[in-house]
Amino acid sequence: MARRSPDTARAFMAALLLSLAVPNGWAGSSDKPPADKPQNDKQQMRGLDEQIQEVKSDVLRIAAELNQLEEKLLYPSGTQVAVFVALAKGDTMRLDAVRLLIDGQPAAQYVYSAKELEALRKGGVQRIYVGNVATGDHQIEVTVEGKRESGADFSRTEHFAFRKDVKPKMVGLTFGGQGSGNPPIALGDW
Amino acid sequence: MRRASFGLVGLGLLLGLAVRPSVGAPPAASAAPKDLYFAEALYHAYQGQYFDALQRLDTEIAQYRGLDEPRLDTLHYYINDAEFSVGDFELDYRMHHRAGRAIKAVLEGAVDPAVRNEAAYRLARIHFQKGQFDDAENALGRIEGTIPYAVRDDIEYLRANLDMAQGRPGDAVKVLKDLKAGGDLTGFAAYNLGIALLQDGRQKDAIEQLERAGQLTLGDPADLAVRDKANLVLGSILFEAAEFDRAKQALDRVRLEGPFSNQALLRAGWAEATSKNFDRALVPWSILADREPTDGAVQEALLALPHAYASLNLHGRAAILYGHALEQFSHQVETVDASIGSIREGRFLKALVREESRQDDTWVIRLRTLPGAPETYYLMELMASHDFQTALHNYLDLEDLKERLAGWNTSLDAFDDIIRLRGDNYTPLLPEVDARFRELDSRMRLRLEQQKSLGERLHAMLTAPRPELLANAEERIAGDRLAQIEKQLGGSTRPDSLALRERVARLRGVLTWRLETEYDQRLTDAYAHLKELNADVAALNRQYEAFVRTRQAATHSYVGYDTPIGHLRTDVRESLQRVESLIAQQGHLIETVAIDQLVARRDRLAAQQTQARYAVADSYDRAARAQADAEKH
C-alpha cells in the first residue's frame, strides 16, 4: 500500500511547471499593477483562504455524518454487502469494464476512465457496489473486459459463492490480465 | 529597445530556489492484509479527489480509534501511514491548518522516534510552505534519534531551503554539498546549490555548479524542467558578466519544448545581439516570434526580431516585421480587451468551472485554446502567480462543495420520503405482527422449558438410573393398566384373584425386565434424540433472533431520524450559504486580480504598439533613404 498522498508530486509538478513556465512573466517589471494593490489583493486572498479552510472542515464533518446516516438508513449492517475491486499488483492489463450480477440480478456495471485505471494500478481499491442482501448463501457473477499487454481483447466471466452473516459483508475482487500469471478474477474475503 | 525582461529584475526573479515535489516513501509491509477503506481513500486520492479521500479516511481512522481492540483491525498495520496520508490529503486539498493540527497530534502522541521525526519533518514542510520559517526551524529542531531513511534527504533539503529563506546561503551550501550526490533530489539539489553559492557571493563557484546542474543526465519531467532553469539562470549570469558565448552555450541547452524555452530563446537572441551578432540573433527570435502570441517573451521577440534586421541595415525587412508586430499588438490589445470584457461579464469563472475543462492535468492549457472564449486566453500568464493559482483552486473547491451541499439537500429530502413511506408501510402492520409474535414467543418459551427439563433429567439419570422414565408410551399404558388391575384386586384372596395377581406380577416382571435390560440402549437413544432436538431448537433460536433483528430493523428504518436529519439539514443550509458567499467573494477577487493584470498587460501592449508604430515609420524612412542613397551611387 502506498505510503502517502500519491498525487502530491503530480499536482505539485503541474503547479511548479505552470509557475515556471513564465519565470518573470508579467509579474516581472512593467506589467505590475500599482504596488499597494497586489498586496491588498494578496491579503484578501489569504483572508478568504482561511475562511475556505474552515468551511471545508465543516463540510467534511457534515459529509461524515451524512455517510453514517446513509449507511444506517439505506445499508444497515445486517443486510449490507459491499463489493471492492482491485488490480493484481504489478499487472499491466488495461481494465475496460466490469459487470456484476448478484443472485442473477444486475448489481453494477462500470466503465473505467484512464485516471481510474491508473489509480487502480497504483494500488487503489474501488468500492464498485454497495447494496443489501439477506443473510445466507449468495452467488456473484463477475464479467471483466479489457486488453492484454499485447493489445488483444479479453473477456472473462466467473461465478463465486459468498455467505452473508449478520455483520456487513465485504467482497473483494482482484483482476489480473490473462497470461500475466495472475488469476483473471480472484475472490478475496475481507 | 528596452531589455527589461532580461535585466537584473528578470534575473532576480529567476533566482528563486527550485521547490521539489514530495516523493512517496517506500510502501509498508506488503504481507499485511489490505485495509480496504484506506486503499479506497488512496483510490480517490490518486485521482485528485481529495475530499472523497479525506472523507473516507477520516471515517476509517475514527472507527479504528473507537475499537476495543484496534490491533485486530486491518488498519492497525497502516495506522501511521494513514495518519500521515490524512495530513497529505489535507495539504493537497489546501487545508494547511488542519494538516498542521493532524501532524502536531502525531508529534505529541506516544509514537516511536522514527514516526515522530517524520511528523516533525512534515510539520516543518507545512510551515515552510506557509512562509513561517521560524516555526519550520523549530519543527526541524525537534528531530532527534532515528530518522526514517525515506525522509532523510528530504529533511536536509528542507533545511537547506530554510537556510536560504533565512538569508544563510553559506549554511545552505554546506547542507546541499552533502546532499547533491545521487538520489531523487539530484537535479533540484544541484540547481539549488548553484543558487546558494551565488547568493553567498561565490559567483565563480556558482557558475561552475550551475554548469554541472545544467548538464546532468535526467529523465523525470520535473528534473528536466529544473535543469532547464539552471541553464537559463546560468545563461543570464554569464550574460550579465558579458560572457556572451558561454551564455549562448548555456541557453542553447534549454530544451525547445520545455517550460523555459521562450525565455531561453529570447535571452539567447539578446546574447547574440549584445555581442553584435545580429544575424545569429535572428535564429532564436524568428523561432520565438512564431509562437503563442499571448506569451510575454513572444511579444518581446516581435519587436526584437525587426530590431535585429534594422541593425543589419535590412530596413525594408525590418519595416515589414515591425508592421507585422504592430498588427499582432493591435490584435493582442483587442484580445486583452475582449478578455477583460468577458471577465467583467462573468464568463471567466463560468469557463473555469466547466466540467469538461477539468478532465485532466492539462485543463489550464486547453482552456486557453477554447474557441470563442477570450476570457481564458491569458490564463497561463495569470497562473504564474502562486496566490492566483491557490485562489483559483479554492474557487473550484468551493464550486465543488456547493454542488455537494446542494446534492445533499436533495438527498435529505429523499431520506425524509423514504422514512415517511417506511412509516406508512410498517405502522399498520407492526401491531398485528407483534401480537402474533408474542403468542409464538410464549409457546416457544414453553417448549424451551420442556427441552431444558428433559436435558436435566437425562443428565441426572447418568448418576441415578431411572429406567421407568425411559418407558415408551405403550409401556407406560401397560404399567398403568397393571397398577389399575392390582388396585382392583386389592387384598382379595379368592383363587381367581390369586391367579390374576400372579399373572399381573409376571407381566410387571416382563415390563421391568425389558426396561432394565434395554436401559442403556434407551438412554443412548434418548441422548441422540435430545441432540436432534437441540439442533432443532438452535435453528429455532436463530430464526427467533433473525426475526428480532428484522423487527428491530423495521423500527430503526423509520424511527429516530427526525433529529439528526433536522440538524444535518440546518448544517447543510448554513454551509451552503457560507459557501455561496465565499464563492461570490473569491470570484470577485479573482476577476479583479485578473482584470488588473490584464489592464497592466494591455498598457504594456499599448506601449509596445506605440514603439512598433514609430519603428515602422522609422524603418520605412531608413529604407527609403537607403534606397535613395543606393540610386545616387
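Cut-offs used in this document
Residues numbered from 1 in each chain as written. Chains lettered and ligands numbered in written order. Predicted model: local features only at pLDDT ≥ 70, side-chain atom pairs only at ≥ 80, totals over all residues. Helix = DSSP H or I, 4+ residues; strand = E, 2+ residues; numbered from the N terminus. Buried ≥ 20, exposed ≤ 12 C-beta atoms within 10 Å, placed from the backbone. Contact = placed C-beta atoms within 7 Å. Axes fitted to C-alpha atoms, helices over the stretch in contact; angles between N-to-C directions. Left-handed = near helix turned anticlockwise from the far one by under 90°. Nonpolar A, V, L, I, M, F, W, Y, C, P; charged D, E, K, R; others polar. pLDDT = per-residue confidence, 0-100. Pairing = 2+ DSSP bridges. Domains from an automatic or database assignment. Core = buried A, V, L, I, M, F, W, Y, C linked by C-beta atoms within 7 Å. Expected span 1.5 Å × (residues − 1). Parallel < 35°, antiparallel > 145°, perpendicular 65-115°, else oblique.

A. Fine view of the overall build of chain A. Summing up its helical and strand segments, chain A has three helices and eight strands in all. Ordering the α and β elements of chain A from the N terminus gives α-α-β-β-β-α-β-β-β-β-β. Put simply, chain A has 190 residues, and 31% of those count as buried. For chain A, restricting intrachain contacts to residue pairs at least 6 apart in sequence, the fraction spanning at least 24 positions comes to 69%.

B. Spotlight on the overall build of chain B. Secondary structure assignment for chain B yields 25 helices and zero strands. Taken across its 633 residues, chain B has 37% of its residues classed as buried. Within chain B, contacts between residues separated by at least 24 positions form 62% of all contacts whose residues are at least 6 apart in sequence.

C. Inspection of the packing of helix α3 (residues 50-65) of chain B against helix α4 (residues 79-92) of chain B at higher detail. Residues and elements named next belong to chain B. Between α3 and α4, whose axes approach to 10 Å, the crossing angle comes to 150°. The interaxial crossing formed by α3 with α4 has left-handed handedness. Along the contact surface, α3 presents Tyr-50, Ala-53, Leu-54, Leu-57, Asp-58, Ile-61 and Tyr-64, while α4 presents Ile-79, Ala-82, Ser-85, Val-86, Phe-89, Glu-90 and Asp-92. Taken together, the residues of the contact of α3 with α4 sort by class into ten nonpolar, one polar and three charged.

D. Layout of the confidence of the model for chain B. All names here are of chain B. Counting all residues, the mean pLDDT for chain B is 85, and 90% of those residues have values of 70 or more. Below pLDDT 50 for its whole length, residues 1-16 participates in 33 contacts with residues either more than four positions away or in separate chains. Across residues 20-30, where pLDDT falls below 50, the model places 33 contacts with residues more than four positions away in sequence or in other chains. The ipTM assigned to the predicted complex is 0.84, against a pTM of 0.74.

E. Representation of the sheet that holds strand β6 (residues 153-164) of chain A within the structure. All names here are of chain A. Read from one edge to the other, the open sheet built from four strands follows the order β3-β2-β5-β6, with strand pairing classed as antiparallel. This sheet does not close on itself; its edge strands, each paired only once, are β3 (105-111) and β6. With direction set aside, neighbouring strand axes in the sheet form an average angle of 15°. With twelve bridges connecting them, strand β5 (residues 136-147) and β6 associate as antiparallel partners.

F. Structural context of the domain arrangement of chain A. Domain boundaries assigned for chain A yield domain 1 (32-74) and domain 2 (80-189). The C-alpha centroid of domain 2 of chain A is placed 36 Å from the C-alpha centroid of domain 1 of chain A.

G. Here's a closer look at the domain arrangement of chain B. On domain assignment, one finds that chain B holds domain 1 (221-312) and domain 2 (449-563). Averaged C-alpha coordinates put domain 1 of chain B and domain 2 of chain B at centres separated by 106 Å.

H. How the structure looks around the nonpolar core. All names here are of chain B. Core analysis: the biggest nonpolar cluster contains 168 residues, and Ala-301 and Leu-305 have the highest contact counts within it. With twelve residues, helix α25 (residues 562-632) is the single largest residue contributor to this core. Residues within four places of Ala-301 in sequence aside, it is in contact with Leu-266, Trp-285, Leu-288 and Ala-289.

I. Representation of unusual backbone geometry. Residue and element names in this part refer to chain B. The residue Ala-242 is not glycine, and still its phi comes out positive at about 65°. Summarising the element assignment, Ala-242 is placed in the loop between α12 (221-240) and α13 (244-252). The backbone of Lys-276 shows a phi angle near 65°, a positive value even though the residue is not glycine. Turning to its location among the elements, Lys-276 is positioned in the loop between α14 (261-274) and α15 (278-289).

J. Structural view of the environment of Arg159(B). Residues and elements named next belong to chain B. With respect to the helices, strands and loops of the structure, Arg-159 is situated in helix α8 (residues 149-165). Measuring from C-alpha to C-alpha, the distance between Arg-159 and Asn-472 comes to 93 Å, with 313 residues separating the pair along the chain. Not counting residues up to four positions away in its chain, the partners in contact with Arg-159 are Leu-140 and Val-175.

K. Local environment of helix α22 (residues 473-489) of chain B. Residue and element names in this part refer to chain B. Across its 17 residues, α22 extends 24 Å between first and last C-alpha, which sits within 8% of the 24 Å expected from 1.5 Å per residue. Within α22, only zero of the 17 residues are buried, which leaves the element largely exposed. Backbone geometry just after α22 places Gly-490 at a positive phi near 50°.

L. View of helix α10 (residues 186-199) of chain B. All names here are of chain B. If you check α10, its first and last C-alpha atoms are 20 Å apart, about what 14 residues at 1.5 Å a residue would give, namely 20 Å. By the criterion of burial, α10 is predominantly enclosed, with 13 of the 14 residues buried. Directly after α10, the chain includes Gly-201, whose backbone phi takes a positive value near 80°.

M. Molecular detail of the confidence of the model for chain A. For chain A, mean pLDDT is 79; residues scoring 70 or higher make up 76% of the total. Low confidence marks residues 1-34 of chain A, where pLDDT is under 50. Its contacts with residues over four positions away, or in another chain, come to 113 contacts.

N. Structural detail: the packing of helix α21 (residues 386-461) of chain B against helix α24 (residues 519-556) of chain B. Residue and element names in this part refer to chain B. Taken N-terminus to C-terminus, the directions of α21 and α24 make an angle of 155°; their axes are 10 Å apart at the nearest point. Between α21 and α24, the crossing angle belongs to the class labelled roughly antiparallel. Here α21 and α24 pass one another in a crossing that is left-handed. Across from Tyr-426, Leu-430, Met-444, Leu-448, Gln-451, Leu-454, Gly-455, Leu-458 and Met-461 in α21, the residues of α24 making contact are Leu-523, Ala-526, Tyr-527, Leu-530, Leu-533, Val-537, Leu-540, Tyr-544 and Ala-554. Across the contact of α21 with α24, the residue classes break down as 16 nonpolar, two polar and no charged.

O. A look at the pairing of strand β1 (residues 80-87) of chain A. Residues and elements named next belong to chain A. When you tally the buried positions in β1, you get six out of eight residues, the bulk of the element. Examined bridge by bridge, β1 and strand β4 (residues 126-132) share six bridges and lie antiparallel to one another. The partner of Val-83 across the bridge, within β4, is Tyr-129. Strand direction decides the pairing type here: β1 and strand β7 (residues 169-175), joined by seven bridges, are parallel. In the sheet register, Leu-87 faces β7, and the bridge partner there is Phe-175.

P. Structural context of the environment of Val175(B). Residues and elements named next belong to chain B. Within the element layout of this structure, Val-175 appears in helix α9 (residues 169-179). With 14 residues separating them along the chain, Val-175 and Asn-161 place their C-alpha atoms 9.6 Å apart. In this view, Val-175 contacts Glu-156, Arg-159, Ala-160 and Asp-163; residues no more than four positions away in its chain are not counted.

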